[in-house]
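Summary of the model geometry
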Amino acid sequence: MPTSKARTTKTKSSASTRQSRAQATKNKAQSSARSKGKTQAENGASEGNTQLDKLFTDTLKDIYWAEKQLLKALPKMQKNATTDELKSAIEEHITQTEEQVTRLEQVFEICGKKAQGKKCAAMEGLIEEGNEIVEETEKGSMTRDAGIIMAAQKVEHYEIATYGCLVTFAKTLGMDEAVELLEQTLEEEKETDEKLTMIAEGNINQSAGQEEEEEESDEEESESEEEETEESEEEMEKKEK
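Not measured: the values here are computed from a predicted model.

Cut-offs and rules
Residues numbered from 1 in each chain as written. Predicted model: local features only at pLDDT ≥ 70, side-chain atom pairs only at ≥ 80, totals over all residues. Heavy atoms only, no water. 1 Å grid on protein atoms, 1.4 Å probe; cavity = no way out; pocket = protein on both sides within 12 Å on 5 of 7 lines; lining within 4 Å. Points joined across faces, edges and corners; volume = space filled by probe spheres on them. Helix = DSSP H or I, 4+ residues; strand = E, 2+ residues; numbered from the N terminus. Nonpolar A, V, L, I, M, F, W, Y, C, P; charged D, E, K, R; others polar. Contact = heavy atoms within 4.5 Å. Buried < 20%, exposed > 50% of the residue type's maximum accessible area, 1.4 Å probe, protein only. Polar contact = N/O pair within 3.5 Å; in protein donor to acceptor, adjacent residues only side chain to side chain. Expected span 1.5 Å × (residues − 1). Bend = angle between axes of the 7 residues up to and from the residue.

**Focus on empty space enclosed by the protein**
- Here the structure, examined in full by the defined rule, presents 1 cavity of 30 Å³ or more.
- What the largest cavity holds in volume is close to 120 Å³.
- Looking at the lining of the largest cavity, the elements with two or more residues in it are α2 (50-80), α3 (84-110), α5 (142-172) and α6 (176-240).
- Across the lining of the largest cavity, the residue classes break down as 8 nonpolar, 2 polar and 1 charged.

This is the structure in structure tokens:
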């Protein structure tokens, strides 16, 4: 009968073996993905898709830069949001965006290319517009939330269009693994867009509409007070004369 020490040694050895096998399997899968991606890209080129392959790669770099910049912009949007519901939705999308960046890096690997970004003028403009909306709306107002949602949905629509094209390009180039990764992100972007619409239509837009009326009422009261002050000053001047 084996001793307790022998059994412990055997257990440790078995665990070590399993870990080694798991690591070997992981390395093999990664190597296979790189090899398969390279072969798929070569096949695409041989079929006369060289220019499409370049467009695919350039678009990949474009959205990679865009997602990285979005990770910097989203926390600011969350901080400036009014309602907890919108703050929570943005927090969830930050986590999603981090995962989407990882997927893009996997797609680069499948293509046999280094993950790198290319400045995206569209995303830069959308983020700047979002910042302007925050500056031009009142802190703590529902109108600000309505504006943030509008800015966020413009971003989502751009991403939906971009990922949709990338999926189509990848299918044409025969990059099946890339298609699967990109389609997952595409569905997430669509779901986020729908969720933002639900939040806006739930209460925010209606409340923002009421805020506009209140602001106009406040302005009218202010104008009325100014008129009364001017009349009072004129009467005092007449009495002094």
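There is more to say, and it comes next.
**With respect to the environment of I160**
- Secondary-structure assignment places I160 in helix α5.
- With 27 residues separating them along the chain, I160 and E187 place their C-alpha atoms 8.4 Å apart.
- Leaving out residues up to four positions away in the same chain, I160 has contacts with L186, E189, K190 and D193.

**What about the side chain of T59?**
- Counting through the fold element by element, T59 comes out in helix α2.
- Take T59: its relative accessible area is 16%, and that puts it in the buried class.
- Here the side chain of T59 touches L55 through a polar contact of 2.7 Å, landing on its backbone oxygen.
- Not counting chain neighbours up to four residues away, the residues in contact with T59 comprise T162, L166 and F169.

**Describing α2**
- When the terminal C-alpha atoms of α2 are compared, their 45 Å separation across 31 residues agrees well with the 45 Å that a helix rising 1.5 Å per residue should span.
- Maximal helix bending in α2 amounts to about 30°, located at L71; proline P75 follows within four positions.

Take it as geometry only, folks, not as evidence of what the structure does.
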